[in-house]
Structures are given as C-alpha cells and as structure tokens.
Amino acid sequence: MSNYDSIFLKSLRWIQKWLVQTIVVPHDPLTDLNLDLSKPVVYVMKTESISDLAALNGITDSFGLPSPYEALTLNKVSIARVVCLEGRKPMIGQREGGEKFLDSFTQLLALHKQDKQLDIQLVPVSLYWGRTPGKEDDTMKAAVFERENPTWLRKFFMILFLGRHNFVQFSNAVSLRHMADEHGTDKSIAHKLVRVARVHFRRQRKVMTGPLLPNRQALFTALLKSESVKKAIEEEAASKKVSVDKARETAIVYLDEIAANYSDSLVRITERFLTWLWNKLYSGINIERAEQVRQLHHDGHEIIYVPCHRSHMDYLLISYILYYQGMVPPHIAAGINLNFFPAGPMFRRGGAFFIRRSFNGNKLYTAVFREYLDQLFAKGYSVEYFTEGGRSRTGRLLAPKTGMIAMTMNSVLRGIERPVTLVPVYLGYDHVMEVATYHKELSGKKKEKESLWQVFGAIRKLGNFGQGYVNFGEPINMQNFLTEQAPQWRAELAKDPEQKPSWFTPAVNVLANRVMTNINGAAAASAVTLTSLILLASEQNALERSQLERQLDLYLNLLKKVPYTPFTSVAQGSSKEVVDHCLGLNKFISTRDALGEIISIDPKIAVTMSYYRNNIIHLMVVPSLIANCLVQYEVHSRSEIKAIVNDFYPLLQAELFMGVADLDAYIDDIIDLLIVEQLVEETDSLQIVEAHISQLWLMAQTVSETLQRYAIIFNLLAHKPNVERAELENDSHLLAQRLGALHGITAPEFYDKKLYNTLSVKLKELGYLANDDKQEAVSRIRDHANGLLWSSVRQTIIDSVAAEHGQ
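Residues numbered from 1 in each chain as written. Predicted model: local features only at pLDDT ≥ 70, side-chain atom pairs only at ≥ 80, totals over all residues. Heavy atoms only, no water.

Caption draft 1: Spatial organisation of the overall build of the protein. A tally of helices and strands in the protein yields 34 helices and 23 strands. Computed over its C-alpha atoms, the radius of gyration of the protein comes to 30 Å, within 12% of the 28 Å expected for a compact globule of 807 residues. With respect to the three principal axes, the spread of C-alpha positions in the protein is 100 × 75 × 55 Å. For the protein, buried positions account for 55% of its 807 residues. Of all intrachain contacts in the protein linking residues separated by at least 6 positions in sequence, the fraction that spans at least 24 positions is 78%. Surface exposure of the protein reaches about 36200 Å², of which carbon and sulfur atoms provide 53%. Across the protein, the centroid of the 90 positively charged side chains sits 9 Å from that of the 89 negatively charged ones. (Helix = DSSP H or I, 4+ residues; strand = E, 2+ residues; numbered from the N terminus. Rg over C-alpha atoms; globule rule 2.2 N^0.38 Å. Buried < 20%, exposed > 50% of the residue type's maximum accessible area, 1.4 Å probe, protein only. Contact = heavy atoms within 4.5 Å. Areas by Shrake-Rupley, 256 points an atom, 1.4 Å probe, with all protein chains shown as cover. Lys, Arg positive; Asp, Glu negative; His and termini not counted. Charge placed at Lys NZ, Arg CZ, Asp CG, Glu CD.)

Caption draft 2: Layout of the nonpolar core. The biggest cluster of nonpolar side chains holds 210 residues, and the ones touching the most others in it are Phe353, Met409, Ile626, Ile641, Phe648 and Leu717. With near-sequence residues (within four places) excluded, Phe353 lies in contact with Ile258, Ala259, Ala260, His331, Ile332, Ala333, Ala334, Phe369, Tyr372, Leu373, Leu376 and Val383. (Core = buried A, V, L, I, M, F, W, Y, C linked by side-chain atoms within 4.5 Å.)

Caption draft 3: View of the packing of helix α24 (residues 545-561) against helix α25 (residues 575-584). At a minimum axis distance of 8 Å, the contact between α24 and α25 shows a crossing angle of 115°. The orientation of α24 relative to α25 falls into the category roughly perpendicular. For the pair α24 and α25, the crossing hand works out as right-handed. For the pair α24 and α25, contact is made by Arg545, Leu548, Glu549, Leu552, Asp553 and Leu556 and by Ser575, Lys576, Val578, Val579, Asp580 and Leu583, respectively. For the contact of α24 with α25, the per-class residue count stands at six nonpolar, one polar and five charged. (Axes fitted to C-alpha atoms, helices over the stretch in contact; angles between N-to-C directions. Parallel < 35°, antiparallel > 145°, perpendicular 65-115°, else oblique. Left-handed = near helix turned anticlockwise from the far one by under 90°. Nonpolar A, V, L, I, M, F, W, Y, C, P; charged D, E, K, R; others polar.)

Caption draft 4: Structural detail: the side chain of Asp119. Within the fold, Asp119 resides in the loop between α4 (99-114) and β6 (121-129). Only 2.8 Å separates the side chain of Asp119 from the side chain of Ser175, close enough to count as a polar contact. Side-chain polar atoms of Asp119 contact the backbone nitrogen of Arg177, separated by 3.3 Å. Discounting chain neighbours no more than four positions away, the residues touching Asp119 are Lys39, Pro40, His112, Ser175, Leu176 and Arg177. (Polar contact = N/O pair within 3.5 Å; in protein donor to acceptor, adjacent residues only side chain to side chain.)

Caption draft 5: View of empty space enclosed by the protein. Applying the stated criterion across every chain yields a total of four cavities of 30 Å³ or more. Approximately 70 Å³ is the volume attributed to the largest cavity. Lining the largest cavity we find Asn628, Gln632, Trp697, Ala700, Gln701, Ser704, Gln708, Leu788, Leu789 and Trp790. At the level of elements, α29 (693-700) and α30 (704-719) are the ones that each hand at least two residues to the lining of the largest cavity. When the residues that make up the lining of the largest cavity are grouped by side-chain class, the tally is five nonpolar, five polar and no charged. (1 Å grid on protein atoms, 1.4 Å probe; cavity = no way out; pocket = protein on both sides within 12 Å on 5 of 7 lines; lining within 4 Å. Points joined across faces, edges and corners; volume = space filled by probe spheres on them.)

Caption draft 6: Highlighting the pattern of salt bridges. Counted according to the given criterion, the structure contains 33 salt bridges. Residue Arg592 is joined to Glu597 by a salt bridge in which the shortest nitrogen-to-oxygen separation is 3.5 Å. Using a relative accessible area of 14% as the deciding quantity, one classes Glu597 as buried. Three or more residues joined by partner-sharing salt bridges are found here, namely Arg545, Glu549, Lys576, Asp580, Arg592 and Glu597. (Salt bridge = Lys/Arg side-chain N within 4 Å of Asp/Glu carboxyl O.)

Caption draft 7: Structural detail: the packing of aromatic side chains. Applying the stated criterion across every chain, the model contains 23 aromatic pairs. Taking the centre distance of 6.4 Å and the plane angle of 55° together, the rings of Tyr305 and Phe472 count as tilted. Linking Tyr305 in strand β10 (residues 302-307) with Phe472 in strand β15 (residues 467-472), this pair joins segments that are 167 residues apart in sequence. Of the two residues, Tyr305 and Phe472, both sit in the buried class. (Phe/Tyr/Trp six-rings, centres within 6.5 Å; stacked < 30°, edge-to-face > 60°.)

Caption draft 8: Region of interest: the sheet that holds strand β21 (residues 596-600). Pairing in this open sheet of three strands is antiparallel, and the strands run β18-β21-β20 from one edge to the other. Among the strands making up the open sheet, the edge pair consists of β18 (542-544) and β20 (589-593). Within this sheet the neighbouring strands show an average axis-to-axis angle of 25°, counted without direction. Relative to β18, α24 is tilted by about 95°, and along the sheet it contacts β18 and β21. (Pairing = 2+ DSSP bridges.)

Caption draft 9: Quick peek at the confidence of the model for the protein. Chain-level pLDDT for the protein is 87 on average; 91% of the residues reach the 70-or-more range. Summarising per-element confidence for the protein, the mean pLDDT is lowest in helix α5 (residues 140-144) (47) and highest in strand β16 (residues 476-477) (98). (pLDDT = per-residue confidence, 0-100.)

What follows is the structure, given as structure tokens:
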C-alpha cells in the first residue's frame, strides 16, 4: 500500500472533498494546452502539500489526465508523478531543504540520458486557495491568511474559509526531451529547471492575484503630492481666486468621484451572483484566445482591455470571464451616469472608476484623472475602457473617442518601463437586453437616465438569451506602435519631455482606428447574426428552410475556409443545428404550408434584427460585393472585380473598420471558394452556374444598402464637383431619407448623419472633394455604384439628384 492509501490520508481527502470546489484554468487543459497523453506526464508543483495533491487528484480524472497519486513506471523504474520545488512549511523551524527535490529533476533527466526515445512532459500546476492580492498596508489579516507559504494550520483555515474558491491552473508542458537534447542532462540543467520553475510560479501567482491593492487614502495623498496635480491645484486657485487649500479640497472631491475602491470580498460574492445570472441568462459563453492574454500577463505586460460596447452587461461579462480564466478583473472606466445608488458603490468596489462624459476644459479634473490613470498603470493594474464612449444603437461599431487612448499614450511617453499592450475585445450576444430601447431612441424617443428601477426592470425580464461571445483580438503593443509611427520618439522625448510631439494627435487617431479594426477582426459569426444577415437580405425577410440552410452552409464554409482574419470565430454545428438554435430563442418564426417549412422574421422586429446583422456585416461585405459584380453588373474577369472592390474598399474600411491585409488575395480566395461550391465556373472568364444563381443573388443583397449610400454620394459629387463637405453630408442625408421612404428601407444606419460625416471625411482624405484631378475617378465609381443597383433604385437616385440641382 502506498503512502497515499493510508486511512488517515484517505479520511483527510474525504473531508476536503466536501469543503472544496475547484475551478480549472484553462477550462479544457488537454485541448487548450495541446497535451499529448501518448507521452508520459509529470506534474510540477511549487510546494509539497497533501491538500494540494488532493485538490489536483479531484479534477484530473474528469479531464482524462493521470492521477497525481499514480506512480509512473519507466524502464522498470517507478517514479513519482509529481515533483515539487520545496517542502511544506512547518509550524516551527525551517522547511525541508531543496536537495531532495532537486534530485527528482536530476533523476528525470538521467532517464532521458538512458533512453533517447523518452519524452516526459513536465506540466506546471499552480493551486490557489482564494485569490486575495493583499493590500500594501496588510498586517494581521495577511499573517493569518498568508497564501503563498502557509503552514499546515494556516492551510487548514484557508481550506475551511476559501475552499469554495480553489483554482487549479495548468500551464504549457515543457518537453524534457527537448531540454536534454538542447542543454544536456547533468545536475546544472536540473538547477536551471528549478530556477525557471520558481520564476514561472511567481509570475503565475501575480497573474492570478494581481498586484497589492493600495490603501485608498494613502493613494489620494500620493496623488495630491504629484507635481502635475500640485501645479493644477495652484492654477485652479489662481484662476478661481480661491485659496490653495480650497482648490486642494476640490481635487480631493474629484479623486473621490473618480477612484475605484476594489474589494476582493465583494468580487468573491459577486462571482457567485454572476454565476447564477449567466446560467439563468445564457446557455453558454464562448471564449476565444484567452490563452494569449494570459501569456501577456505572464510576460509582464501592462494590459489595457478595449472592448466594443453593446450593453451594460459588458462591464460584468468581461470581469467575470477574466476571473474564471485565471486573470484579475480590470479597473474599468465607467461613465459617470452609472454612479447612482446602489449600483455606483458596488461598481466602484468591483473595480470601476468613473469618468465624466466631457472634461469641459476643467484643467484640475483633467490633471487628477490623468495622474490617477498613470498610477494604475505604474502599479500594474489592468485597465478597461470603451473607446466608442457609449453603447452602439445600430450594432455597428461607433467612431472611436480618442480621449482615453490619448491619455494612455501620454502615460507611455511619460516613461512606463514595461510593455503596455492594448487588447481589443469583441463582445457579442444572441440577445442584447437593451436592443428594443435602442430603436426607440433612434426613432426619436429621449434616452432614459440610468436608475435603480431600470436595473429591477431588466432583472424582472430575464429569460433565455442564448449564448454570449467574448473574442480577444490581435493585441497592439504601444511601444512598438510608437516606434512604427515615430521611430525617434524616445530621443525626441529625452530632449524635451514637456513638448507635445507634432505626430502625437495623428498617431492617436491611427491607433484608435486600429483598435476598432482589430475589434471587428475578432468578430463572432454566431447563429443569430448569420441567420439575421441572410433573412434580411431576402425579399420578404423569409425563406424556405431548405434554402436558408443551403445559404448558411455556404456562409459557414466561406468564413471557415476563407477566414476574414485569424481572430474571427464561426458558429459550430450544421446549418440545421444553427436554425434550430435560432428558433429556440424565439427570434424567428417557423410556419408550415403544404410545400414545407418557412423561416421568417416578424415584420414588427425586422429593424431590431438589423442590429445583430450589423455586428458581422463587415465579414460578408466583400463576398457580397463580388456576388453583386457577377449577378448584377455581369462582370466576368477577376481583374475587373478587383478594380471595382478596390474602388469601394476605402469607404467600406472607413465605415466598417475593415482590415483585410491583402485585399486582392482575399478576393481571389473568395472567388476560388465560389468555384469549389459550384456557384461559379472559370474557363477563359467567370460564368455563373445558373442552377445556383439564387444563392449568389441572396449573397449580393447584403451590400445593397451600402451601395445605395455610395451611389447617392458619388452621383451628388459628379453633379457638383466643388460641393462643400457639410453640404454633401446634408444633401446625402436628405436623399437617403427620400430613397428610404420610396423603397421601404428601414435600417437605422441608413439615415445616420454620423455615418455620412464619416464617409465625407474619408472622401476628403482620399482627395475626392473639390479636386478636378479626381473627377474621372468620381465618375467611374458613380458608374460602378449605379450599375450595381436595381434599376428602380438607380433611377430614383438619378432623378432625385437632378431635381436637387435643378436639372
């Protein structure tokens, strides 16, 4: 009988089983970490611990991993399944020396020396009983609940009080075969393995628990002593003709209004509530590329999450997901409108810090906020802010507000040593709670002020909201970005740190657009968004089920085989399962007649469903434009299609934040897939397969409203080449309203003045406004846009433009 089978240890394990609830990070270690169970697995743990082994044993079987109690036999030698770096800490005296534990690594390397085919995978495993980071002024509490090096008595209390918050984290395996081949097998390599493992566990703990939390009042005192805030206080006193003490009191009021008051206890309580909430609301939360973010944390990056903003649920969802993915919930920049009782104080203790919608030239408030943000970065707290500045009402990304990005760039320029990385986050939902309210607001209803009654009203309406989607996009390293934009930025700042560089504002604008592009690059093409996109492209927002499923098969195949970016995700399962999922959410109507089943959108919510289509329209806009070229414009060569798409792409890029790396190659890949799907044939030219023309027609309709906007703009430009930008925006908006009234266009973004502003800014940037040299290009693009429209729509635009200009 092994030591682990004694009655005493079995009894301890039985008791611990009832006290402990374990959360595993990542949630599927075998898949996420690419573990190969055909090779021997040995776990590496920081400290020898009976309770840690029991917790690990409690979860290995469910993942198909070997038990830590199960010895490993290699070449007739039995070795322990677990190696540790140090012994357990006794109540009195020193822990056991490290030589015994070093010998375990030496033995494993020796086995690799004897057997050249052997390849043991060393899998680091970290265990955390609770995740309190501690505070900078911790005293007695830290002594009683010391987590990093507890004695058996402290561990007992930790299991008793924090056993329901036990985290077991697996890390990427290390190949001992690789180590042996590259570095040898002597004792010095064993020493190196132990040193590397110690660093790994230290970094892993910081990722899981975060830096020490500051005492709030001590933080205020430190901020008030900073040079920038002291200077702003003096300027406030002089400009307002008040005493310095009075100005300092105002600064303290600002700090109290802004600063978070993070509470680990509240986070633990909230975690239980949110677990209940997500289980009630959603049938699943789909998470992509969390491992890359964990690695950035592990490598010491200052992480700034920049998600899109769909719903007030966004604040809760990201923090919850990060917590369960083994990372610390960020400090979140929340609008001051959310600082109402009781939500405000709770958000603040959950890590929210509040920001005014506008600083209105308030230099003292600006200085206090910037210094607070600098402190968060300097102390290593991850931060989250929404670059759109508010929730999107149409489902498209809003134009970015650059204030927070500018302050982040300022902080980097002021000398943050470690790498600062922006992590774009795409958030998607099968159902957004506020979506009906959004369309009332777009119809002219005044936005309601956030209140406690809104919260209760939302909770009362909780139901089956399907699934949620959290996709982490391509990270942007700030230091690398600055070097790309201004190669000599460090030297320039060394000369004059106070001088704002001439390239600063353009660089901020480029960065803001890249963030939005990377958010859209991580889009989730879900069942609801894809089905909405297809049905809204049909003539009556309805299709036979078989036709809908064929179109879904085409889109699923296209998005998987010709991915928009490596960061996008696509709905899993067959087209039948996708339709069944949508019907289960009661978002679509299923009716039957003698000929079969019809899936449709209720006319009352067609505008609402455009919100979900708009979440992913950028993924299908180029394929749709290609299909339009084939079926409407009757273009038959790849080169012509590329020329047309390249003409429109800068405008698509501006309004949809698109970021296709190689557009011509992307077009070729799409056409190749259409050929494989037998929708198109290619001999000397591209020819439509008549039997499948309906699928191409349906695909072509996705971009139709976008082309109508472009036709309006370029017909106006062609008629009046020297039109002012403001006049072009106004005339375009008026013609869009007329076109919508005559042809039944209901999509809210079609009438969005801000969208026409975005397009006019891009046209000016491209040189199309008041530029005689561009008239040929304007006429060409007008002709393309007109040729891609239905004849009735085209004639309405031409007649309306002529009437507008008295022709």
